[in-house]
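As a plain string of letters, each chain reads:
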Amino acid sequence: MAYVDGFVIPVPKDKVEAYRELAIRAGTVWREHGALEYREWIADDVPSGKLTSFPQSVQLKDDEIVVFTYILYESREQRDEVNAKVMSDPRLADMMDLTKLPFDGKRMFWGGFNPLVAL
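## Digging into a nonpolar patch on the surface
Okay, so step 1: Together, Trp41, Phe54 and Phe68 make up an exposed nonpolar region whose accessible area comes to about 300 Å².
Okay, so step 2: Looking at where phenylalanine 68 falls in the secondary structure, it is placed in strand E3 (residues 64-73).

## Considering the sheet that holds strand E2 (residues 37-42)
Okay, so step 1: Taken in spatial order, the 4 strands of this open sheet run E2-E3-E1-E4, and their pairing is antiparallel. Looking along the sheet, the strands with just one partner apiece sit at the ends: E2 and strand E4 (109-113). When the angles between neighbouring strand axes are averaged without regard to direction, this sheet yields 15°.
Okay, so step 2: Pairing between strand E1 (residues 3-12) and E4: 5 bridges, direction antiparallel. The residue bridging glycine 6 from the neighbouring strand is glycine 111, located in E4.

## Let's talk about the nonpolar core
One broad trend across soluble globular proteins is that nonpolar side chains are buried collectively.
Okay, so step 1: Membership of the largest hydrophobic core comes to 23 residues, with the highest contact counts inside it found for Ile9, Tyr19 and Trp30.
Okay, so step 2: Of all the secondary structure elements, the ones that give two or more residues to this core are E1, helix H1 (16-32), E3 and helix H3 (76-87).
Okay, so step 3: Among the elements that take part in this core, H1 stands out by supplying 7 residues, more than any other.
Okay, so step 4: Residues in contact with isoleucine 9, not counting those within four places in the same chain, are Tyr19, Val58, Ile65, Val66, Val67, Thr69, Phe103 and Met108.

## With respect to unusual backbone geometry
Okay, so step 1: Positive phi, close to 50°, is recorded for glutamine 59, a residue that is not glycine.
Okay, so step 2: With respect to the helices and strands, glutamine 59 occurs in the loop between helix H2 (54-57) and E3.

## Some details on H3
Okay, so step 1: Spanning 12 residues, H3 covers 16 Å between terminal C-alpha atoms, matching the ideal 16 Å at 1.5 Å per step.
Okay, so step 2: Buried within H3 are the following residues: Gln78, Arg79, Val82, Asn83 and Val86. On an axial view of H3, the arc spanned by its buried residues comes to 130°, and they lie on one face.
Okay, so step 3: Its buried side turned inward, H3 meets E1, H1, E3 and E4.

## Points about the packing of aromatic side chains
Okay, so step 1: Scanning the entire structure with this criterion turns up 3 aromatic pairs.
Okay, so step 2: Judged by centre distance (5.9 Å) and plane angle (35°), the ring pair of tryptophan 30 and tyrosine 38 falls under tilted.
Okay, so step 3: Residue classification places tryptophan 30 among the buried residues on the basis of a relative accessible area of 10%.
Okay, so step 4: Taking the relative accessible area as the measure of exposure, tyrosine 38 reaches 17% and is therefore buried.

## Considerations on H1
Okay, so step 1: Spanning 17 residues, H1 covers 24 Å between terminal C-alpha atoms, matching the ideal 24 Å at 1.5 Å per step.
Okay, so step 2: Regarding H1, the residues found buried are Val16, Tyr19, Leu22, Ala23, Ala26, Gly27, Val29 and Trp30. Here the buried residues of H1 occupy an arc of 160° about the axis, which is enough to place them on one side. Across H1 from its buried face, at more than 90 degrees, point the exposed residues Glu21, Ile24 and Glu32.
Okay, so step 3: Turning to H1, the residues buried within the fold contact E1, E2, E3 and H3.
Okay, so step 4: Just beyond H1, the residue with positive phi is glycine 34, at close to 120°.

Each value, and the rule that gives it
- Residue numbers here run from 1 along each chain, matching the order of that chain's written sequence.
- For this predicted model, a pLDDT threshold of at least 70 governs which residues receive local features, and a threshold of 80 or more governs which side-chain atom pairs are given and counted, while totals over whole chains, interfaces and linings are taken from all residues.
- Each side-chain value is derived from all of the structure's non-hydrogen atoms; neither hydrogens nor water enter the calculation.
- Patch definition: residues with relative accessible area over 30% and no salt bridge; like charges joined within 9 Å; nonpolar side chains (Val, Leu, Ile, Met, Phe, Trp, Tyr) joined within 5 Å.
- Computed with a 1.4 Å probe, the accessible areas rest on the Shrake-Rupley method; for each residue, only the protein chains presented here act as cover.
- The working definition used for a salt bridge is a side-chain nitrogen of Lys or Arg within 4 Å of a carboxyl oxygen of Asp or Glu.
- Helix and strand assignments come from DSSP, with helices taken as H or I runs of at least 4 residues and strands as E runs of at least 2, each series counted from the N terminus.
- We call two strands paired when DSSP finds no fewer than two bridges between them.
- For helices, the fitted line uses only the C-alpha atoms of the stretch in contact; every axis is such a line through C-alpha atoms, and the angle between N-to-C directions lies from 0 to 180 degrees.
- Here, the term nonpolar core denotes a set of buried Ala, Val, Leu, Ile, Met, Phe, Trp, Tyr and Cys residues that are joined through side-chain atoms within 4.5 Å.
- Summary of the burial criterion: residues with accessible area below 20% of their type's maximum are buried, those above 50% are exposed, and those between are partly exposed, where the area comes from a 1.4 Å probe applied to protein chains only.
- When checking whether two residues touch, look at their non-hydrogen atoms; a contact exists if any pair is within 4.5 Å.
- Expected span of a helix: the number of residues minus one, times 1.5 Å.
- Arc, as used here, means the arc of the directions from the helix axis to the C-beta atoms.
- Whether two aromatic rings pair depends on their centres lying within 6.5 Å, for rings of Phe, Tyr and Trp, where Trp uses its six-membered ring; planes under 30 degrees apart make the pair stacked, over 60 edge-to-face, and the rest tilted.

Next up, the structure:
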């Protein structure tokens, strides 16, 4: 059964291109290690809400934009295997240091999800 990891990330608008380069590198590594899909999406229609919203979830600042990422796997077990390989891949070693990222990694959030509906 399929499994997906989702990420929501606040990216400074002036660092979107640097983030895109990082995402291409990361996506390439995830795919090489077995992820079925790797997708990054930049906010287009994500207004701030009164109680909750994508901008509020990452404490979005005026000079930032929300990026949504998902990575698709065959199963939770396969995801765990892929992520173990990705986390030890030397091509991504610099990403493990939050101070070197083109965004505030402390405000990023993520989770793994099982399918509920597939039409």
